[in-house]
Amino acid sequence: MIKKVLVVGAGQMGAGIAQVCAQAGLEVFLHDQKEEAVQKGLQSIGKLLSRAVEKGRMTTEEKTTTQNRLTPSTSLQDAANCDLVIEAVVEKMEVKKAVFQELDGITPQHAILATNTSSLAITEIAATTKRPDQVIGMHFMNPVPVMKLVEIIRGLQTSDETFKEIEELAKVLGKVPVSVEDYPGFVSNRILMPMINEAIFTVYEGVATVEDVDTSMKLGMNHPMGPLTLADFIGLDTCLYIMEVLHEGFADSKYRPCPLLKQYVQAGWLGKKTGRGFYQYE
Ligand code: CAA
Ligand code: NAD
């Protein structure tokens, strides 16, 4: 039974994951290496819960109970009594491996270590631990409180038991799980990211403006957001890292990241989270 969870990385995904876990009745540590990220994450959860109260989806008491289930954390030692860790740090293999190695030495033997990676190999992350059968991908979509899908990705070593527990948990969180094999970008980002990258190429090549590319896909294809708005929303750093994983993983030039995407990331224009990407957010 999964009752206590630590979420590593209190960015937009970590905060959302912590929120849905707390709403489902789990005790949650929200951890980040930066204290201010934890505080920002808790504040954003507070705002979303207040909105749910305003909209009549939740009572004030339920909001308070949910918030009381959330504990801020800046020490990974807080994972010592947890049944599950969900990692949502930056999309870099070396960073994730270091986090998993540390967690492997802290968490109880029965604990499952899950990663919210968008594209990286679960098999490789699992191999850095002494419990590779208890390592799994649990890929939530952004914004986590709204989006129903969770991709569940088994590494080569993941046990059936681990898979079943995480599949069950996804349902308890009100999500719809799909089972996906461990290939670069899994299913969702293998399909979504090349579209976003192509949208960036159309701007880079001067085919259309940022606004007109987005309008084409919103009004022409009924997408809720244009691809460049979506890229800003996801984070341009994350988009670039995913394209790099696809490019390297499939060794196919069709996944070449657009030079304009690289340049924006070099400039620190990472999208909504830094106030500037394809659009300005001040
Ligand atoms: N967090 C939590 N809730 C949010 C939110 C956020 N960031 N943004 C919007 N919402 C909620 C709003 O509160 C609102 O609910 P209520 O009014 O009932 O409170 C509801 O969502 C609708 O919001 P809006 O009316 O303001 O705006 P919208 O109709 O455009 O919906 C959206 C917003 C759901 C984000 C919609 O634009 C959408 O579906 N966009 C595409 C999202 C998408 O493609 N996500 C996948 C990204 S890729 C990914 O996640 C994988 C990866 O690895 C990169
Ligand atoms: P983000 O940049 O908003 O947040 C990342 C957080 O991780 C930051 O607060 C950072 O301080 C923290 N962090 C970095 N290294 C750390 C470490 N060693 N220990 C503790 N905390 C650390 O990123 P995000 O958008 O929330 O993405 C996080 C993960 O979720 C990535 O793997 C990403 O690919 C994946 N993901 C992102 C989206 C999306 O739409 N943004 C969707 C699904 C999955």
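Everything numeric in this text was worked out from a predicted model, so none of it was measured. (Residues numbered from 1 in each chain as written. Chains lettered and ligands numbered in written order. Predicted model: local features only at pLDDT ≥ 70, side-chain atom pairs only at ≥ 80, totals over all residues. Heavy atoms only, no water.)

Participant: Please set out the domain arrangement of the protein residue by residue, giving values where relevant.
Facilitator: For the protein, the assigned domains are domain 1 (4-181) and domain 2 (190-274). In this structure, domain 1 and domain 2 have C-alpha centres spaced 26 Å apart. Contacts between the two partners involve 9 residues from domain 1, matched on the other side by 6 residues from domain 2. Taking both partners together, domain 1 and domain 2 bury about 720 Å²; carbon and sulfur atoms supply 64% of that area. The three residues of domain 1 that bury the most area against domain 2 are Q12, E91 and S119, which together make up 47% of that side's buried surface. Remark: the boundary between domain 1 and domain 2 carries 0 salt bridges. If you look at where domain 1 meets domain 2, you find 2 residue pairs in polar contact (both at pLDDT 80 or more). (Domains from an automatic or database assignment. Contact = heavy atoms within 4.5 Å. Buried area = accessible area lost by both parts, 1.4 Å probe. Salt bridge = Lys/Arg side-chain N within 4 Å of Asp/Glu carboxyl O. Polar contact = N/O pair within 3.5 Å; in protein donor to acceptor, adjacent residues only side chain to side chain.)

Participant: Talk me through the site of ligand 2; I want residue IDs and the actual numbers.
Facilitator: Around ligand 2, 24 residues are found, and the nearest of them are D32, E91, K96, S118 and I234. The separation between an oxygen atom of ligand 2 and a polar main-chain atom of Q12 is 3.2 Å. Between N116 and ligand 2, the recorded distance is 3.0 Å, taken from a side-chain N or O atom to an oxygen atom. Mapped by element, the contributors of at least two residues to the shell around ligand 2 are α1 (12-23), α4 (93-106) and β6 (135-140). Sort the elements by how many residues they give to the shell around ligand 2 and α4 lands first, with 3 residues. Its residues assigned to classes, the shell around ligand 2 comprises 9 nonpolar, 11 polar and 4 charged. (Near = heavy atom within 4 Å. Helix = DSSP H or I, 4+ residues; strand = E, 2+ residues; numbered from the N terminus. Nonpolar A, V, L, I, M, F, W, Y, C, P; charged D, E, K, R; others polar.)

Participant: Could you give me a rundown of the pattern of salt bridges, with the residues and numbers involved?
Facilitator: All told, the structure shown has 6 salt bridges when counted by the stated rule. Note that K97 is salt-bridged to E124, the shortest N-O span being 2.9 Å. Taken together, the positions of K97 in helix α4 and E124 in helix α5 (residues 122-126) put the pair 27 residues apart, joining distant regions of the chain. The class for E124 is partly exposed, based on a relative accessible area of 36%. The shortest N-O distance in the salt bridge between K273 and D237 comes to 3.1 Å. Of this pair, K273 sits in the segment after α11 (259-266) while D237 sits in helix α10 (residues 236-250); the two residues are 36 residues apart in sequence, bridging distant segments of the chain. Taking the relative accessible area as the measure of exposure, K273 reaches 44% and is therefore partly exposed. By relative accessible area, which is 9% here, D237 ends up buried. Here the residues in one salt-bridge network are E87, E91 and K96, joined through shared partners. (Buried < 20%, exposed > 50% of the residue type's maximum accessible area, 1.4 Å probe, protein only.)

Participant: Kindly report on the UniProt feature "domain: 3-hydroxyacyl-CoA dehydrogenase NAD binding" (unreviewed entry) in the protein, identifying the contributing residues and their values.
Facilitator: Here the UniProt feature "domain: 3-hydroxyacyl-CoA dehydrogenase NAD binding" (unreviewed entry) sits at residues 4-182. End-to-end, the C-alpha atoms of residues 4-182 are 27 Å apart, and along that stretch the chain is 41% helix and 22% strand. (UniProt positions renumbered as here; feature names shortened; annotations may be inferred.)

Participant: Describe the packing of aromatic side chains, listing the residues and the values that go with them.
Facilitator: In the structure shown here, the tally under the stated rule is 4 aromatic pairs. On the numbers, 6.1 Å between centres and 70° between planes, the contact of F201 with Y204 is edge-to-face. Placement of the pair is F201 and Y204 together in helix α7 (residues 188-204), with a separation of 3 residues, close to one helical turn. Taken together, Y264, W269 and F278 form an aromatic cluster joined through their ring pairs. A cation over a ring is seen here: R276 above W269, with NZ or CZ 3.6 Å from the ring centre. (Phe/Tyr/Trp six-rings, centres within 6.5 Å; stacked < 30°, edge-to-face > 60°. Lys NZ or Arg CZ within 6 Å of the ring centre and 35° of its normal.)

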